Amino acid sequence: MESKTKLYIETYGCQMNIADSEVVASILKESGYEITEDIQLADVILVNTCSIRENAEQRVWGRLDVFRQIKKKKPQLTIGVIGCMAERLKEKLIEEEKTIDIVVGPDAYRDLPGLLENAGLGHKAVNVLLSREETYADISPIRLDKNRISAFVSIMRGCNNMCSYCIVPYVRGAERSRDPKSILKEVSELFEKGYKEVTLIGQNVDSYNWKDENNEKFSFGQLLEMVAQVSPTLRVRFSTSHPKDMSDEVLHKMAKHANICRHIHLPAQSGSTRVLELMKRGYTREWYLDRIKAIRTILPDCAVSTDIMTGFSGETEEDHLDTLRLMKEVNYDFAYMFKYSERPNTYAARHLKDDIQESIKSRRLTEIIDLQNELSSKSKKEDLGKVFEVLVEGYSKKSKDRLFGRTSQNKVVVFPRKNYNIGDYVQVEIIDSTSATLIGESVN
Ligand code: 5AD
Ligand code: SF4
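These figures come from a predicted structure and were not determined experimentally. (Residues numbered from 1 in each chain as written. Chains lettered and ligands numbered in written order. Predicted model: local features only at pLDDT ≥ 70, side-chain atom pairs only at ≥ 80, totals over all residues. Heavy atoms only, no water.)

### Some details on the sheet that holds strand β2 (residues 34–35)
Then, in step 1: In spatial order, the strands read β2-β1-β3-β4-β5-β6; together these six strands make up an open sheet with parallel pairing. Across the chains shown, the open sheet's two edge strands, defined by having one partner strand only, are β2 and β6 (125–127).
Then, in step 2: As paired strands, strand β5 (residues 102–104) and β6 are joined by three bridges and run parallel to one another. Note on β6: the bridge partner recorded for isoleucine 102 is alanine 125. (Pairing = 2+ DSSP bridges. Helix = DSSP H or I, 4+ residues; strand = E, 2+ residues; numbered from the N terminus.)

Below, the structure is given as structure tokens:
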């Protein structure tokens, strides 16, 4: 039997990129490629890239150095750059780095088989066309993650928000929603295969908006409910919500269905209304706090996490203090925290100065991280003595006698294995916590 061409995919960036790599794997498997996890065995290396911050791109350039070395020893190797950095830099990537054979943007993955075939014949190629329709709805992603418990399901692509700092609308194009029928089909198939959790993903899930044949509108709340009804034993998560669009409807649907997990990721970015305006976020500090109040009222046991960006154009010390105060007021369970990184051609790059010194950005970020560490540890302390239903995802890194999983609130719990297995729901009492995890004991 002729051996198949071996494909190795490396993924950087967000959940959407992870989901896209699974679409790419599916497209190429259909064309006869075989997926390998060993880069040394690869005939084709694809790197799915992120442009969100300068350092995300730096990491990829570093990997391209490594791929170049591999290609020196194996000249027939094909190297492709796909995803957001491909979209941003286009043919400049090939000009800059001769080792690259193909450059393919996020909406052009169906073209990969053809482009790779041509690359094999020595023709370098670029396809970075963005689409108004592409959602890869009919493609059944190949799950690259080994756990077989939890999967990402993409419900929309692109973004129309135009936050002034953000590269995403430029590299992922305009927002479009995926047909709910294809979403439900994918979720049902996952459940039948034994998956216990799905995370519905999109740049802004709250603006999910599908119109059916009769021009009948279909909202994110409705979609969420339909997915939750696939089975009460299937956990449903979603990400990312946008504070300007997050509706009470969604919160009420969550309250109605216990299997929709009690966790909302609601990126604030800043606690200063002045800065939020410069960021073109479309909400004020007060509006954001009102959304938090709605969560606390409708879903009292819901965890809240956020993204915070520090050092945006013109951010004063008072703005920074507003951010710290907001974090305390909300009491975040978890946060991703970043320094502002100017991205070429965004509104901010064109109209606002990246004028906060690096040393000040660093100091503010440290203050933000220190505060969040306190808040995270407080949030874990509050769980002591409580019992949570944990979905087991795997063995603890340290020992096969211990399992790890997550609570509905998305907190990681480690507990003794006993007779439990991966994929089980276990009632666990929290008895202790470390900086990153809760420690528990199963209870009957
Ligand atoms: N610089 C720093 N962080 C950014 N993010 C988005 N754009 C930038 C940028 N230019 C952060 C935001 C967003 C998260 C995914 O990345 O906090 O919510
Ligand atoms: Fe990175 Fe944004 Fe692209 Fe995700 S959508 S990979 S975060 S640039």
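Further notes follow.
### Focus: the pattern of salt bridges
Then, in step 1: Using the criterion set out here, one finds 39 salt bridges in the structure.
Then, in step 2: One salt bridge in this structure joins arginine 291 and aspartate 290, with 3.4 Å as the shortest N-O distance.
Then, in step 3: The class for aspartate 290 is partly exposed, based on a relative accessible area of 36%.
Then, in step 4: Across the salt bridge formed by lysine 361 and aspartate 354, the nearest N and O atoms sit 2.9 Å from each other.
Then, in step 5: When salt bridges with common partners are traced through the structure, they connect Asp20, Asp107, Arg157, Arg172 and Arg176 into a single cluster. (Salt bridge = Lys/Arg side-chain N within 4 Å of Asp/Glu carboxyl O. Buried < 20%, exposed > 50% of the residue type's maximum accessible area, 1.4 Å probe, protein only.)

### Section: the domain arrangement of the protein chain
Then, in step 1: According to the domain assignment, the protein chain contains domain 1 (6–127), domain 2 (145–261), domain 3 (270–279 + 303–381) and domain 4 (387–442).
Then, in step 2: Each of domain 2 and domain 3 has a C-alpha centre, and these two points are 27 Å apart.
Then, in step 3: Contact with domain 2, which involves six residues of that partner, is made by 13 residues of domain 3.
Then, in step 4: Approximately 680 Å² of surface area, both sides summed, lies buried where domain 2 meets domain 3, with 63% of it carried by carbon and sulfur atoms. (Domains from an automatic or database assignment. Contact = heavy atoms within 4.5 Å. Buried area = accessible area lost by both parts, 1.4 Å probe.)

### Observations regarding the site of ligand 2
Then, in step 1: Looking at ligand 2, the residues that line it are Cys14, Asn17, Thr49, Cys50, Ser51, Ile52, Cys84, Val168, Arg172 and Gln203.
Then, in step 2: Within the shell around ligand 2, the residues separate by chemical class into five nonpolar, four polar and one charged.
Then, in step 3: Residues from two domains meet in the shell around ligand 2; each of domain 1 (6–127) and domain 2 (145–261) gives at least three. (Near = heavy atom within 4 Å. Nonpolar A, V, L, I, M, F, W, Y, C, P; charged D, E, K, R; others polar.)

### Some thoughts on the packing of aromatic side chains
The description of two aromatic rings rests on the distance between their centres and on the angle between their planes.
Then, in step 1: The final tally for this structure, using the stated rule, is six aromatic pairs.
Then, in step 2: On the basis of an interplanar angle of 35° and a centroid distance of 6.1 Å, the ring pair of tyrosine 283 and tyrosine 288 is categorised as tilted. Per residue, the accessibility class of tyrosine 283 equals that of tyrosine 288, and both read buried.
Then, in step 3: With a centroid separation of 4.8 Å and 75° between ring planes, the pair formed by phenylalanine 312 and tyrosine 340 is classed as edge-to-face. (Phe/Tyr/Trp six-rings, centres within 6.5 Å; stacked < 30°, edge-to-face > 60°.)

### Some details on the state of the cysteines
Joining two cysteines, a disulfide is a covalent bond between their sulfur atoms.
Then, in step 1: Taken as a whole and judged by the stated rule, the model has zero disulfides.
Then, in step 2: Free of any disulfide, cysteine 166 has its nearest cysteine sulfur in cysteine 163, 6.0 Å distant. (Disulfide = S-S within 2.5 Å.)

### Here's the deal with the site of ligand 1
Then, in step 1: Near ligand 1, the surroundings consist of Ile52, Arg53, Tyr165, Gln269, Asp307, Met309, Phe338, Lys339, Tyr340, Ser341 and Arg343.
Then, in step 2: Within the contact set of ligand 1, a nitrogen atom lies 3.2 Å away from a backbone nitrogen or oxygen of tyrosine 165.
Then, in step 3: Between aspartate 307 and ligand 1, the recorded distance is 2.6 Å, taken from a side-chain N or O atom to an oxygen atom.
Then, in step 4: Bound to the protein, ligand 1 loses 86% of the 400 Å² it would expose on its own.
Then, in step 5: If you list the elements that add at least two residues to the shell around ligand 1, you get β15 (303–310) and β16 (334–339). (Polar contact = N/O pair within 3.5 Å; in protein donor to acceptor, adjacent residues only side chain to side chain. Areas by Shrake-Rupley, 256 points an atom, 1.4 Å probe, with all protein chains shown as cover.)

### Brief notes about the packing of helix α9 (residues 248–256) against helix α11 (residues 285–298)
Then, in step 1: Where α9 meets α11, the closest approach of the two axes is 10 Å, and the angle between their N-to-C directions is 20°. In terms of orientation, α9 and α11 fall into the roughly parallel class. You can see that α9 and α11 cross each other, and the crossing is right-handed. Within the contact between the two elements, α9 uses Asp248, Leu251, His252 and Ala255 and α11 uses Arg291, Ala294, Ile295 and Ile298.
Then, in step 2: Across the contact of α9 with α11, the residue classes tally to five nonpolar, one polar and two charged. (Axes fitted to C-alpha atoms, helices over the stretch in contact; angles between N-to-C directions. Parallel < 35°, antiparallel > 145°, perpendicular 65-115°, else oblique. Left-handed = near helix turned anticlockwise from the far one by under 90°.)

### Section: the sheet that holds β15
Within a sheet, neighbouring strands are paired by backbone hydrogen bonds and run either parallel or antiparallel to one another.
Then, in step 1: As summarised here, the arrangement of the three strands in space is β14-β15-β16, forming an open sheet in which the pairing is parallel. Of all strands in the sheet, those bounded by a partner on one side alone are β14 (263–265) and β16. Mean inter-strand twist for the sheet, computed between neighbouring axes without regard to direction, equals 10°.
Then, in step 2: Pairing of β15 with β16, which is carried by six bridges, proceeds in the parallel orientation. Opposite isoleucine 308, over in β16, you have methionine 337 as the bridge partner.

### Details of the pairing of strand β1 (residues 6–11)
Then, in step 1: In this sheet, β2 lies alongside β1 in parallel orientation, the contact comprising two bridges. Note on β2: the bridge partner recorded for leucine 7 is isoleucine 35.
Then, in step 2: Viewed along the sheet, the connection from β1 through helix α1 (residues 15–30) into β2 turns out right-handed.
Then, in step 3: Bridge count for β1 against strand β3 (residues 44–49) is five bridges, and the pairing is parallel. Its bridge partner being in β3, isoleucine 9 is matched across the sheet by leucine 46. (Right-handed = clockwise from strand over helix to strand, strands pointing away.)

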